[in-house]
Amino acid sequence: MRKIEHFREFTPTELEFVRRFRKGEFHADAGTTILVEGSHSAHLYTVLEGWGFRYKILEDGRRQILNYIVPGDMIGLQGAVFDEMAHSVEALTPMTLCVFERDHLFSLFQKHAGLGYDLTWIASREESILDEHLLSIGRRTALERAAYLLAFLFDRGKAVGLINGNRRQLPLTQAHIADTLGLSIVHTNKTLRKLAAKNLVRWLDRGCEVLNPEGLQDIADWHPGAIAKRPFI
């Protein structure tokens, strides 16, 4: 992870603390539920490899995907602060996660102000992403919503090395997109066919290949800022 240019460097003291804080690694197959809404987890996780997503389910089974998870993201922080998870987390692809004991979280704030700030940055970044998602669902058209989501995920994946060179595929099904955008599967299919007709994306057996991310950004009227170094723990 520290070799990826997108992430800031640790000081030697911070690195030693993180090494003592971590308790190992956890490997999850695609489709594995990593955290369950309402559960109490003794662990926090930082994603090292792969894609995942956060979601909530209504009593009748309808699912709302809240956000997607990429390397560098921390999951389980909400459960550490509020004692139980308010959403679930599932692996979209095979994932590798670094495991931390939640009981040691507050020593991070006590002994390492810089890492405490990093944790606050991570939580604030998640809030800003959810703000943009809410704007998209509330005010963008179906075509704009789909274009935004695919452009956003392409940008996030590119920053952390999940997308590079000829590897331009997002591991999403149309059902994932429908559950993220709050659209029916039929409406989602029609919308995505419009993007494919414009040669912006191409649907494959196991995901969506982004052919023209700039074209998707233009449709959504959303353009990512310059990629800056970000913290992770």
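Up top you'll find the structure we're talking about.
Residues numbered from 1 in each chain as written. Predicted model: local features only at pLDDT ≥ 70, side-chain atom pairs only at ≥ 80, totals over all residues. Heavy atoms only, no water.

Asks: Any details on the overall build of the protein chain? Residues and values, ideally.
Replies: Helix and strand content of the protein chain: eight helices and eleven strands. For 233 residues, the compact-globule estimate of 2.2 N^0.38 gives 17 Å, and the protein chain sits close to it at 18 Å. Principal axes of the C-alpha set define a box for the protein chain whose edges measure 55 × 40 × 30 Å. Burial status across the protein chain gives 48% buried among its 233 residues. A separation threshold of at least 6 residues defines the contact pool for the protein chain, and within that pool the share at least 24 residues apart is 72%. Both charge centroids of the protein chain, one from 29 positive and one from 29 negative side chains, sit 4 Å from each other. (Helix = DSSP H or I, 4+ residues; strand = E, 2+ residues; numbered from the N terminus. Rg over C-alpha atoms; globule rule 2.2 N^0.38 Å. Buried < 20%, exposed > 50% of the residue type's maximum accessible area, 1.4 Å probe, protein only. Contact = heavy atoms within 4.5 Å. Lys, Arg positive; Asp, Glu negative; His and termini not counted. Charge placed at Lys NZ, Arg CZ, Asp CG, Glu CD.)

Asks: Report on the packing of helix α5 (residues 142-159) against helix α8 (residues 213-220), specifying residues and quantitative values.
Replies: Their axes nearest at 8 Å, the elements α5 and α8 cross at an angle of 135 degrees. Taken together, the axes of α5 and α8 lie oblique to each other. Judged by the sense of rotation from one axis to the other, the crossing of α5 with α8 is left-handed. Residue-level inspection shows Leu143, Glu144, Ala147, Tyr148, Leu150, Ala151 and Phe154 of α5 in contact with α8, the latter providing Pro213, Leu216, Gln217, Ile219 and Ala220. Grouping the amino acids of the contact of α5 with α8 by side-chain chemistry returns ten nonpolar, one polar and one charged. (Axes fitted to C-alpha atoms, helices over the stretch in contact; angles between N-to-C directions. Parallel < 35°, antiparallel > 145°, perpendicular 65-115°, else oblique. Left-handed = near helix turned anticlockwise from the far one by under 90°. Nonpolar A, V, L, I, M, F, W, Y, C, P; charged D, E, K, R; others polar.)

Asks: Summarise the sheet that holds strand β8 (residues 95-101); cite the residues concerned and give the values.
Replies: Pairing is antiparallel across the open sheet formed by four strands, whose spatial order is β1-β8-β3-β6. In this open sheet, the two edge strands, each paired with only one partner strand, are β1 (22-28) and β6 (74-75). Here strand β3 (residues 43-49) pairs with β6 via two bridges, running antiparallel. Bridge assignment links Thr46 to a residue of β6, and that residue is Met74. Each of β1, β3 and β8 touches helix α1 (residues 12-21); the most contacted strand, β1, lies at about 65 degrees to it. (Pairing = 2+ DSSP bridges.)

Asks: Any details on the pairing of strand β5 (residues 63-69)? Residues and values, ideally.
Replies: Along a regular strand, successive side chains alternate from one face of the sheet to the other. Bridging between strand β4 (residues 52-57) and β5 involves six bridges; their strand directions are antiparallel. Looking at the pairing, Arg54 lines up with Asn67 of β5. Taking the residues between adjacent antiparallel strands as the criterion, β4 and β5 are bridged by five residues, where Gly61 takes a positive phi near 100 degrees.

Asks: Residues and numbers for unusual backbone geometry, please.
Replies: Unusually for a residue other than glycine, Asn199 sits at a positive phi of about 60 degrees. Here Asn199 shows up in the loop between α7 (185-197) and β10 (201-204). Judged by relative accessible area, Asn199 falls into the exposed class, the value being 55%. Residues other than glycine seldom take positive phi values, yet Asp221 does so here, at roughly 55 degrees. With respect to the secondary-structure elements, Asp221 resides in the segment after α8.

Asks: Before we move on, could you go through helix α4 (residues 113-139) and cite the residues and values that matter?
Replies: Along its 27 residues, α4 runs 39 Å from first to last C-alpha, staying within 8% of the 39 Å computed at 1.5 Å per residue. Taken as a whole, α4 has its buried residues at Leu115, Gly116, Asp118, Leu119, Ile122, Glu126, Ile129, His133 and Ser136. (Expected span 1.5 Å × (residues − 1).)

Asks: So what's going on with the sheet that holds β4? Which residues, and what values?
Replies: In spatial order, the strands read β2-β7-β4-β5; together these four strands make up an open sheet with antiparallel pairing. Two strands bound the open sheet, and with one partner strand each, they are β2 (33-35) and β5. Across the sheet, the axes of successive neighbouring strands diverge by a mean angle of 35 degrees, strand direction being ignored. Along the sheet, α4 contacts β4 and β5; its crossing angle with β5, the most-contacted strand, is approximately 135 degrees. Of the strands in this sheet, β4 and β5 are in contact with helix α6 (residues 174-181), which crosses β5 at around 105 degrees.

Asks: Summarise the environment of Leu115; cite the residues concerned and give the values.
Replies: Assignment of secondary structure puts Leu115 in helix α4. Along the backbone, Leu115 and Pro224 are 109 residues apart, and their C-alpha atoms lie at a distance of 26 Å. Setting aside anything within four residues of it in sequence, one finds Leu115 in contact with Arg8, Phe10, Glu14, Phe17, Val18, Leu108 and Ile233.

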